[in-house]
Amino acid sequence: MASDSAPSSLFLRLTSVWGHLALRSDIDDIVLELLGHFSLEKVYAGTNSGDRHVYQQLVKTLLSQLNAIFYVQRLTLPAENAHVSWYLGFLVSWEVALRTVEFVLQVINDGRECLWDDLMLRDKYLAEFLLSALRVLSLHPKATANQRVKERKDRFGRVHRSLEQVFDSYPGPKSFLLQVCKMVTNRLHTDPDTLGLPSKMRYEIPNLTSELYPLTHCLSPQYISELVPAGNSSIDWLPQFLALRDISHFVVGASVQYAANRESRDTRLRSASGRSRNAILQALDYLQMPPSLSKLDMVAAFSATFRIVLPDTPDFSAQPLADSRALDEHELDALDSLCVRLKQRQVIHRMSDRETMINVSQVVRNILLQDDPGGQSGTSRPSLYALNCSKCHLVGGSQLASAGIELLCDGATDVETTLPAQSKCPCCGEIVTLAREAPLVRRAWELLRPLEPDADTINVERHLPTNFQLAPARSDAGLFSASGYPSNFASSSDQRPVEGHRVDSPASAALAQIVYPLSPQPSGFPQPSLLFPLDDLVGGAQAEDHGKQTIGRVHDPIYSRLDPNLLSDPAAYTQRKGGNSGAEISPIVSPTDSNVLGSSRTAPVISTPPEKGKSKWRLKFAGTRKPSVGTSGDSSSLSSTAIEAQKLEEIPLGALYNLSKSGARNKGPKSVHVELSKSASLALFWTQQTIHVWDVGASPPVMTRSILTESTCILATVARLHLAYVIGTRDQRLTLRVVNLLRPSTPVAEYRISSSLWCKSIAIDREESFVVLGFENATVRFFKTTPSAEQPREDRLHSMVHADCRGCPSVDTLSFSNDGLVLLASTRSAKSGVIQVYAWKFPFLTFQEVPSCRYPVPLHESEDNGVSSAIFRNGRHGEDSLVCITTWTQSGTPVLIQPEDGHKSEIRTDPSGRQNKLGNRIQCADFSPTGKEIAIVNDKGYLYHVSSLNSSVMDVRKVATSRELTARSDSYAMAFMVLSDEENIVLAWADASKATGWVKKIPTSRGNFSIPLTPGITHEPAFVELRATIQNASRRQVAELEGETGAVELYV
């Protein structure tokens, strides 16, 4: 018994590796260093006849070390309801992980002459590493933010083709784990989002930022029995299998973490782990596996994992004992080598970087503390002075300013300065007349402040796809298989029998058994063909198009709770549910969600059938002038093909107007405000009493939520997961509410704003961690999206100029860049008309004005509606960052400004400047997700597409028409959206005369308008080669030519 309870050698090595790898911020560099070291070793591989076995050992060492790294990474991934930004520094970037997998597969394929006779290298080492890495890739929180579904399909398709080459290059029977690897890549290339965790594990699974012990409920025997119940009849065994593997690895990880933390508490971890192990082994017997796979091999893999922490687990491996011991010794040597490498790396970083940076930061903070002990001024240039009091007190420049003592000379040039009469020392109160500066303090600040690291920004930028300059070649549309390696991706490919599959599985009780296969498909997320049966869709040709649009969103968690029939046809669904009235009431959420906010905050959806006999394409827009479709704002004109590609869809707003009338005591219809999400396909149509959330990605749009505001709504915005709105009363008491759209059971975050400042602008950050509000007196406040007792952080934009901001201009606009790294705010002086821009960089703790973006626009009493947009684009691949400023004024021409040097370029349809049909009255503007184009809507309702942004002559083309505007309107919105994996410009507006909303979708990747290249910028070869045929390309082909959004430094 004593020998059975003693920790294994592999457990001790794994504990040591854990201590070096857990919660490190340089994991990307560690992986790249391993690959680079191996590449240098590989240079001379195979040059001598005796090097073959040496090279095999090198490959095994690399695979063992990478498997250990990705094992720790899997346990670091956060739950879906956690704030991703808190964990980015500890996660390997998605791009590095995928390229590592491709690199390893290339090494195996290229080294066939040296590796062909080592079966264990492929059947165990390679298989376990692939499953670990693919698990991290499929669950990585930054995968969906960085790339579209089509791009991820292509990337996983490359991995699948490389793995097929391994199967073809090394004929013969394959191990159970390697066959599972092929099933995983097959599923990932078909649908990258289908391999999520089960619902409970998705939100309750722990990670390394907290203690894994005692075991949580989702790791308990009770949950395991629910995951795979007795008499299980599910033929889709992979999700259940993968969930059980996740649980087994977290159970092992809890024991390893307990030992690494040197815990002494009695958490009964060993007995709890044994019960979970027994439940998993019992559940394995219930799995309905394909007959081509051996259940004995599957059980042997799990037993090897549990033997790391529970040596009394039976060994079901059929591997000979001698081979098993040799295998364990090699793994131990590989992990020892990794520990030595990590320890040396840590010493080097401590000597050359870490301690130096800590000391630099400490010096900088001490200087700030001496300059301003109270931390009130936030000066950008601290200084220290010695006063001529009896004790010669040292006082900071900011401390003197707060005491009302004004320095009469420039401290930057004069060391000694005379103080005003009757000045008193802030420390002792004595009368002082002279102050002598200690210039060493100011010079140390000027030299050390630029060297202070900004780790949060680095952690975010490291996860962007622009971390590498070269991108993989894109696969042709509709063609997946590589030449010479055909593949069949039928839905039953996972069940395909394997010829000559051997029953015996490799034996091991080592870390290499810690693998991560394909993640399970979440319960409650059935396949599209089951969730949306064709019988429930609209008949005829409408049914086909409608089905395509709806099926594309079945995996979105926001919409999966809705009834499929309601999603496909709300009006027909209402009629089928009973009632012959034309305005039948039906719930908008499931019964479990309808009572979350209470009956006072959930409004019914009144389905109003559209008017019959009227065409959607012939509209009489309200306004004093009639828009002309035939004329263009520039040299281009709208072709018939472009008009046909644009979808105009109707949204009935009768219920919204009726609720507005009843809430306003029948004083006439109120205006309906329109807002489009910047990160999802959601739109808001709202009045002062009611907010309706619509999914405009579906065709026709579908209402997903209706909320009663219980007061007068002033501002509202929506992201992917959260809806934020501000309500107010007549005495100017404001309240911010944040509603979680994904999980209605989450309490509403409510903040009562105490001050009397009126709110002017609102925005939600891309990570949806907080809501930003802009107020009068140049004030910006940050509120958390989750309920919190903390007071919101307040930034006063003019605090560097004066302490009292009363009378300062309001914050007119707030906007986040597409990559989420920069927040931009704009104000306009009521005296001079000068527009000023202020910028926050992630994590948005400090701000500064961008003086190069100051834009003077003369004030006019008539037709002056101020700043309409101030948006930012990060540069990429040599391009400059850009700030776009538009106004609704008589003389404020839309401009693009480079923050680095202040260069301004006016956006005009006529480069000569003789005429500008774009005009100066701009309703809104928005950068495309790639940042290469910008869309602008003017007062005539014309949509202009602007490209070649970094060129001296920009290409400005009118691409669509909409409603004419007589003034800047809150009932009109425009934004870029990715709908059905394609980039679209979406226009949305409300027509009060018809009680109707309209949504117009203009695809940018079709042949309705071209996208010229930016002169002087190097573009991807694929884009340049296909530039001549872009007009005739299909929607899918043109979509593949789009670049990726990048991020560079913001120069201020």
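All figures in this text were calculated on a predicted structure; none of them were measured in a lab.

A.B. asks: Sorry, what's going on with the overall build of the chain here?
C.D. replies: Looking only at helices and strands, the chain features 27 helices and 35 strands. Counting only contacts in the chain whose residues sit at least 6 apart along the sequence, the fraction spanning at least 24 positions is 65%. Summing over all exposed atoms, the chain offers an accessible surface of approximately 45500 Å²; the carbon and sulfur share of this is 51%.

A.B. asks: It is not clear to me how the sheet that holds strand β11 (residues 702-708) should be interpreted in this structure. Could you clarify?
C.D. replies: In a beta sheet, neighbouring strands pair by backbone hydrogen bonds and run either parallel or antiparallel. Pairing is antiparallel in the open sheet, where 4 strands are placed in the order β8-β9-β10-β11. Two strands lie at the open edges of the sheet, namely β8 (673-676) and β11, each paired on one side alone. For this sheet, the mean angle separating the axes of adjacent strands, direction not counted, is 20 degrees. One ladder, built from 5 bridges, connects strand β9 (residues 682-686) with strand β10 (residues 690-695); its direction is antiparallel. Bridging across to β10, W686 finds its partner in I691.

A.B. asks: How should I be thinking about the confidence of the model for the chain in this particular structure?
C.D. replies: Close inspection of predicted coordinates is inappropriate in any region flagged by low pLDDT. When pLDDT is averaged along the chain, the result is 76; 71% of the residues meet or exceed 70. Considering only residues more than four positions removed or in separate chains, one finds that residues 664-669, a stretch of pLDDT under 50, has 5 contacts. Low pLDDT, under 50, characterises residues 1010-1052; the predicted model gives this stretch 104 contacts beyond four residues in sequence or across chains.

A.B. asks: What am I meant to see in the side chain of E649 here?
C.D. replies: Mapped onto the fold, E649 is located in strand β7 (residues 647-652). On the basis of relative accessibility, which here comes to 6%, the residue E649 falls in the buried class. Setting aside residues up to four positions removed in sequence, E649 forms contacts with A698, S699, P700, P701, G997, W998, V999 and K1001.

A.B. asks: Explanation requested: the sheet that holds strand β34 (residues 982-991) in the structure shown.
C.D. replies: What the 4 strands build is an open sheet, ordered β7-β35-β34-β33; its pairing is antiparallel. Bordering the open sheet on either side are β7 and β33 (972-979), each of which pairs with just one other strand. When the angles between neighbouring strand axes are averaged without regard to direction, this sheet yields 25 degrees. The pairing of β7 with strand β35 (residues 996-1003) spans 6 bridges and is classified as antiparallel. Along β35, the bridge assignment pairs L648 with K1000.

Parameters and conventions
Residues numbered from 1 in each chain as written. Predicted model: local features only at pLDDT ≥ 70, side-chain atom pairs only at ≥ 80, totals over all residues. Heavy atoms only, no water. Helix = DSSP H or I, 4+ residues; strand = E, 2+ residues; numbered from the N terminus. Contact = heavy atoms within 4.5 Å. Areas by Shrake-Rupley, 256 points an atom, 1.4 Å probe, with all protein chains shown as cover. Pairing = 2+ DSSP bridges. Axes fitted to C-alpha atoms, helices over the stretch in contact; angles between N-to-C directions. pLDDT = per-residue confidence, 0-100. Buried < 20%, exposed > 50% of the residue type's maximum accessible area, 1.4 Å probe, protein only.

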